[in-house]
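An overview of the molecular structure
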Amino acid sequence: MMPDGLDGPRGAAAAPAEAHDADAQPIVNVSRRAFLLGLGAGALVLAVAPALAADPPRRYGGDGMPGGLKDDPRLFVAIAADGTVTILNHRAEMGQGVRTSVPMIIADELEADWARVQVRQAPGDETKYGNQNTDGSRSIRHNFEPLRRAGAAARQMLIAAAAASWKVPAAEIVAEQHVLTHAGSGRRAGYGEFAAAAAALPVPSGEALKLKQPAQFRYIGKGRIGGIDNRDIVSGKAQYGIDTRVPGMVYAVVARPPVYGGRVKRHDAAAALKVPGVLKVLPLDGAPIPSAFFPLGGVAVVAENTWAAIEGRKALQIEWDHGPNAGYDSQRYRAALETASRAEGQLVYERGATYAELAKAERKIAVEYYVPHLAHAPMEPPAAVVRADADGAEAWACVQAPQATRALLAGLLKLPEERVTIHQTLLGGGFGRKSKPDFVAEAAVLSRALDGKPVKLTWTREDDIVNDYFHTVSLERIEAAVDAAGKPLAWLHRSAAPSIASLFGPDPKHQRDFELGQGLTDLATAVPHYRVENPEAPAHTRIGWFRSVYNIPHAFATQSAVAELAHAAGRDPKDFLLDFIGPARTIDPVSMKTPNYGEDPARYPLDAGRLRRVAEVAAQGAGWGRTLPRGKGLGIAAHRSFVSYVAVVVEVEVGDDGTLSIPRVDIAVDCGPQVNPERVRSQMEGAVIQGLGLAATGEIRFAEGRAVQSNFHDYLLPRIDAAPRAIHVHAVGADDYARPLGGVGEPGLPPVAPALTNAIFAATGQRIRSLPIGRQLAGWRDAGKADG
C-alpha cells in the first residue's frame with residue numbers, strides 16, 4: 001500500500017527528506033508559541049497572533065492549530081510487498097513515548113501485527129502532515145481520532161482490494177493481525193499481497209469508516225507495548241540531535257551576550273585563532289528586543305571539533321554593551337513585584353463582592369508566594385547541524401516544532417519553504433525549550449557564511465542555562481476568608497509575573513489571557529466571592545514556556561492558600577479542599593472567560609466532580625487521616641491543567657537538621673481514556689520527580705542583568721537519594737472512551753510543589769511560601785515555629 005519509498009529502519013528518527021508541498025503557508029500558531037512569522041519588505045516581521053487575544057478561537061482543538069489535523073492513510077501508512085508496515089510519526093519524541101503511541105493507534109485500527117511495524121519520522125511540513133508543534137500536551141489529545149481514522153481507512157482499503165480480487169462482498173472479509181480472511185471460501189492472504197492494489201483505491205469517506213469499539217482494541221489502552229526506541233536507547237544506537245554527523249561538517253559554539261538585549265561592542269579573535277583546531281571566528285548578528293526565536297548574536301568560533309571551538313571561545317576577548325537589562329536584579333525585582341501585588345491590580349475576573357466580604361470577615365488570611373525563574377535544563381542541550389547555501393537548506397535538529405524551524409530558516413536565509421528541509425531527531429528532553437529554534441538559526445546563518453559548509457552548532461550546559469528562555473518569575477498574593485461555618489467565602493488572587501508575549505512584541509507588562517487561563521480564570525471553585533487581579537510585571541529576560549507554564553506558580557499559590565485557610569478555620573486540609581472545589585458539577589469555561597487551552601468548552605467544561613474525585617483517590621491511596629509523629633506529615637493539592645485533572649498527596653519526613661526525605665507520593669490522574677497507560681504512568685512519575693526537585697532547589701537568580709547559575713553545581717537537580725522511596729500512580733477513568741482525551745505530559749507537575757510544602761507544614765508547623773525550599777527548614781525543631 002502506498003509504495004512511495006516510505007520505508008526505513010525500525011525506529012529511525014531522522015529519515016531522508018521527502019518532497020514538500022510547494023504551497024506551504026507561513027506559520028500562524030495559535031498555541032502558546034503564538035506568533036506570526038512571515039516575510040515583509042525583505043525582513044522578518046513578528047506580530048502577536050490571535051491566540052493572545054481575549055476571545056477564544058472559533059475552531060477548537062487540533063482543527064484550530066496551524067496545519068490542522070490530517071487523517072489520510074496515504075500520509076501515514078506504507079505496506080511493502082513482504083507485509084512490512086511502515087508508519088510515519090509526525091510528532092517530536094522527547095521521552096514521552098509519542099513515537100510509540102502514534103503508530104500504535106494506527107496499527108490497532110489497521111489490525112497490524114506490531115512485530116511487523118516499523119516507524120519513520122516525518123520531516124517538518126505542517127501543510128502536508130498537519131500540525132507538528134509538540135507542546136501543550138496535545139499530541140494524542142488532538143490526534144487520537146484522526147489517527148484512528150487513518151488506520152481504519154487503510155484496513156478497509158486492504159479489505160476492498162481483496163474483495164475485488166476474490167470477487168466476494170467486502171463485508172465477508174475479516175482483517176486480523178496482518179491477515180485477510182474470507183471464511184466462506186477459505187481464502188487467506190497477508191497484507192503485502194494486496195498492498196499495491198489497495199494503494200490505488202480511493203480513501204473511504206468518514207461516513208463509510210468502521211472504527212473499532214473500545215472493547216476490540218488490541219494495543220490501545222493495554223499498556224503492553226514497549227517503546228519503539230527502547231532497544232536503541234539502552235544500546236547507545238539512538239540518534240539525538242547532538243549525535244548528528246554529516247560528511248565535511250565543521251563545529252561551532254557561540255559566545256552570546258550574557259544579558260538579554262546586549263551586543264558586542266568590540267572583540268579580539270587573535271588568541272582564539274591560535275588555538276589548535278580553530279578555523280575561523282565570525283561575528284553573529286543578534287535580533288533586537290523582542291528577539292522571538294532569532295539568534296541573540298555574539299561571536300562564533302568555528303573549528304575542527306567541538307572541544308577546539310570551546311577552547312577558542314575561552315580565548316576570545318569581548319567587550320559587551322549589556323543594553324537595557326543590565327540592571328536586572330532578582331532581589332530588587334521581587335521587591336517590586338511585592339509592592340505591585342499589595343495594591344489593586346488590573347481586573348481579570350470577578351463574581352460576587354470580594355472586597356466587601358473580605359472587609360467584613362473575621363477569619364481571613366493575607367499571604368504571598370514567590371516562585372523564581374527556572375531553567376529548562378534538558379539532558380541534551382540544544383544542538384543542530386545545518387547545511388545552507390543559496391539553493392536551499394537542510395537541518396538535523398532536536399526541535400519540538402519542526403515547522404516553526406522551517407519557517408524561521410526560510411525567512412532568515414530568504415528561501416522558499418519548500419527548499420528548506422528539517423529532519424527531526426530524537427530529543428534528549430525538551431520541556432518547551434526545544435520549541436524555540438534559535439540554535440538551529442545560528443547554525444544556518446554560520447553555514448551560509450561558510451558557503452554552505454555543514455555546521456554542527458552545540459550549546460554547552462552553561463550556554464543552555466545562562467541563555468535559556470526562562471520560566472517566568474512570579475509573586476502571587478492571596479487574601480481569603482471563611483464564613484461562620486468555616487467554609488470558603490471570599491478569595492482575592494493577585495498574580496504578578498512577566499508574560500511570554502514579551503518575547504514576540506511590545507511587552508504587555510501583564511499576563512495575557514492564555515497565561516491567566518492556567519489556574520486562575522479556569523479554577524473550578526465554589527467560593528462565592530472570587531476575584532482575580534493582574535498587577536504589572538515587566539520582562540527583563542527571555543520568558544518562554546516551560547512544562548506546565550503558568551500553572552506552576554498559580555497552583556502553588558492557590559493550593560498552598562487553600563491549606564492555610566483550612567488551618568485558619570480549624571479544618572482538615574483535604575475536607576476543606578473538597579469544600580473549596582464544591583459539589584460535583586460542570587462549569588462553562590466561557591462564563592469564566594478562559595481560553596480553555598484552545599478546546600471546545602462544550603466538550604471540555606470545567607468539571608468539579610472530576611477534580612474532587614482525583615483528590616479523593618489520592619487521599620485514599622495515601623491513607624489520609626492516619627496519625628503521624630512530629631517531623632512527619634501529609635500534604636494534598638489538586639489542579640486542573642491542559643484539560644486533565646491531577647491530585648497529589650506527599651508524605652514527608654523532616655530531620656532535626658532540616659533534611660527532607662519523602663517516603664511516598666500518591667498521584668491520581670484523570671486524563672480521560674489512557675491510550676498508552678505505561679507512558680501515562682511514566683509521565684506522572686517524572687512529574688513528581690521534577691516537581692519535587694524544582695520545589696526543593698530549582699532557582700535562577702539574576703544579578704547585573706545576567707543569570708547567576710550556570711551549571712549543575714549551582715542549578716541543582718534532584719539526585720537519586722532525594723527521590724521518593726515509592727510513587728503510586730492512580731488512574732481514574734482510564735477506560736472511559738465516552739469522554740474526550742486530556743493532556744498528559746504537563747498536568748502532573750503543578751500540584752506537586754504545594755502538596756510538598758503543605759506536607760512540610762503538617763510535619764513541622766513551618767510554612768514554605770517562597771521557593772525553592774533550600775535550607776529554610778534548618779533548625780525548625782529548635783525554632784518551634786507554629787505557623788508563619
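Report follows, based on the coordinates. (Residues numbered from 1 in each chain as written. Predicted model: local features only at pLDDT ≥ 70, side-chain atom pairs only at ≥ 80, totals over all residues. Heavy atoms only, no water.)

Some thoughts on the overall build of the chain
Helix and strand counts for the chain stand at 20 helices and 30 strands. In terms of overall dimensions, the chain is globule-like: its C-alpha atoms have a radius of gyration of 27 Å, near the 28 Å expected for 788 residues. Seen through its principal axes, the chain has C-alpha atoms that stretch 80 × 75 × 45 Å. Residues counted as buried form 61% of the 788 residues belonging to the chain. (Helix = DSSP H or I, 4+ residues; strand = E, 2+ residues; numbered from the N terminus. Rg over C-alpha atoms; globule rule 2.2 N^0.38 Å. Buried < 20%, exposed > 50% of the residue type's maximum accessible area, 1.4 Å probe, protein only.)

Focus on the pattern of salt bridges
Tallied over the full model, the rule gives 51 salt bridges. Put simply, arginine 74 and aspartate 72 hold a salt bridge, and the shortest N to O gap is 3.0 Å. Arginine 74 gets classed as partly exposed once you look at its relative accessible area, which sits at 41%. Relative accessible area serves as the criterion here: at 22%, aspartate 72 is assigned to the partly exposed category. (Salt bridge = Lys/Arg side-chain N within 4 Å of Asp/Glu carboxyl O.)

Overview of the sheet that holds strand E9 (residues 250-255)
Taken together, the seven strands give an open sheet; going across it, the order is E11-E12-E9-E19-E16-E17-E18, and neighbouring strands pair in mixed fashion. Edge strands, defined here as strands with exactly one partner in the open sheet, are strand E11 (278-284) and strand E18 (420-424). Ignoring which end each strand starts from, the neighbouring axes of this sheet average 20° apart. Where strand E16 (residues 383-388) and strand E19 (residues 455-458) come together, four bridges link them in antiparallel fashion. (Pairing = 2+ DSSP bridges. Axes fitted to C-alpha atoms, helices over the stretch in contact; angles between N-to-C directions.)

Some points on the packing of aromatic side chains
Taken as a whole and judged by the stated rule, the model has 15 aromatic pairs. Ring centres 5.5 Å apart and planes at 85° place the aromatic pair phenylalanine 293 and phenylalanine 504 in the edge-to-face group. Note that phenylalanine 293 is positioned in the loop between E11 and strand E12 (298-303) and phenylalanine 504 in the loop between strand E21 (488-496) and helix H14 (513-516), a separation of 211 residues in sequence. By relative accessible area, which is 2% here, phenylalanine 293 ends up buried. (Phe/Tyr/Trp six-rings, centres within 6.5 Å; stacked < 30°, edge-to-face > 60°.)

Thoughts on the nonpolar core
Ranked by size, the top nonpolar core spans 99 residues in total, and within it Trp491, Val650, Val652 and Leu756 carry the most contacts. Val77, Ala107, Phe217 and Tyr219 belong to the second largest nonpolar core, which has 48 residues in total. (Core = buried A, V, L, I, M, F, W, Y, C linked by side-chain atoms within 4.5 Å.)

Topic: the environment of arginine 494
Position of arginine 494 relative to the elements: it lies in strand E21. Spatially, the C-alpha atoms of arginine 494 and glutamate 479 are 8.7 Å apart, while their sequence positions differ by 15 residues. What arginine 494 contacts, discounting residues up to four positions off in sequence, is Ser341, Arg342, Ala343, Glu344, Gly345, Tyr355, Leu475, Glu476, Arg477, Glu479, Glu533 and Pro535. Separated by 3.0 Å, the side chain of arginine 494 and the backbone oxygen of serine 341 make a polar contact. (Contact = heavy atoms within 4.5 Å. Polar contact = N/O pair within 3.5 Å; in protein donor to acceptor, adjacent residues only side chain to side chain.)

Concerning the pairing of E12
Put simply, side chains in a regular strand alternate between the two faces of the sheet. Most of E12 is tucked away: six of the six residues are buried. Bridging between E9 and E12 involves five bridges; their strand directions are antiparallel. Following the sheet pairing, alanine 255 is matched in E12 by valine 299. Examined bridge by bridge, E11 and E12 share six bridges and lie antiparallel to one another. When the sheet's bridge partners are listed, leucine 282 is paired in E12 with alanine 300.

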